[in-house]
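Chain by chain, the residues run as shown.
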Amino acid sequence: MKRSLVVDVSVRLVYPSILVLSLYFLFAGHNRPGGGFVGGLAAAAAISLRYVAGGVAAVRRTFRLEPWTILGSGLLISVGTAIVPLLLGEDVLEHATAEFSLPLIGDVKVTSALPFDVGVYLIVVGLVLMIFEAFGDDLENELEMVEPPAAPATSLGDDFRPPSRRGAGRRGTSS
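These figures come from a predicted structure and were not determined experimentally.

K.L.:
Explain the pairing of strand β1 (residues 97-102) to me, please; I cannot follow it from the model alone.
P.N.:
Within a regular strand, side chains alternate between the sheet's two faces. Here β1 pairs with strand β2 (residues 106-111) via six bridges, running antiparallel. Bridge pairing in β2 places Ser101 opposite Asp107. Following β1, the chain reverses through three residues before pairing antiparallel with β2.

And the structure:
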């Protein structure tokens, strides 16, 4: 497959921006529209663009961890966030809030729903990576399934002759 310069450059410019947008959705999602699922979908869109531009090899180079590791850690974080309140005598997924002030950022409100959203984000990203991993790039098996190209025609008339009679009727050749 021939790569397109326009697609490669566009993806290089847009990919980081979409990831930043996905992180915004992740962190702003508790108080505004967004959250782990929407942020994960935005990250999945960025990963899909990377796949379109460079194939599964580009996606593999982007993430150092295996897809199932990302998905499993997201599941562990989400389940852990759901179970910890039970251990403390609260309801499942009960959340707490903490507010503090950071020097350059200002007032920050953090809830215990954030780890759950991070887990959902990782689950969505891991699932998309597993889908692209399933697409794979098993070139050897693909090449075995492709038939070798036919012998090229030597003249315009050869295109319309059966393969057994190609070359017949040309000057300087005997048939």
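K.L.:
What's the story with helix α1 (residues 5-28) in this structure? I'm lost.
P.N.:
For an α-helix the count is 3.6 residues per turn, leaving residues at separations of three or four pointing the same way. Its 24 residues place the ends of α1 35 Å apart at the C-alpha level, agreeing with the 34 Å of an ideal helix rising 1.5 Å per residue. Of all the bends in α1, the largest measures some 30 degrees and sits at Val14, one to four residues before the proline Pro16. For α1, the set of buried residues is Asp8, Val11, Tyr15, Ile18, Ser22, Leu26 and Ala28. Where the residues of α1 are buried, they touch α2 (36-62) and α4 (113-135).

Criteria and cut-off values
Residues numbered from 1 in each chain as written. Predicted model: local features only at pLDDT ≥ 70, side-chain atom pairs only at ≥ 80, totals over all residues. Heavy atoms only, no water. Pairing = 2+ DSSP bridges. Helix = DSSP H or I, 4+ residues; strand = E, 2+ residues; numbered from the N terminus. Expected span 1.5 Å × (residues − 1). Bend = angle between axes of the 7 residues up to and from the residue. Buried < 20%, exposed > 50% of the residue type's maximum accessible area, 1.4 Å probe, protein only. Contact = heavy atoms within 4.5 Å.

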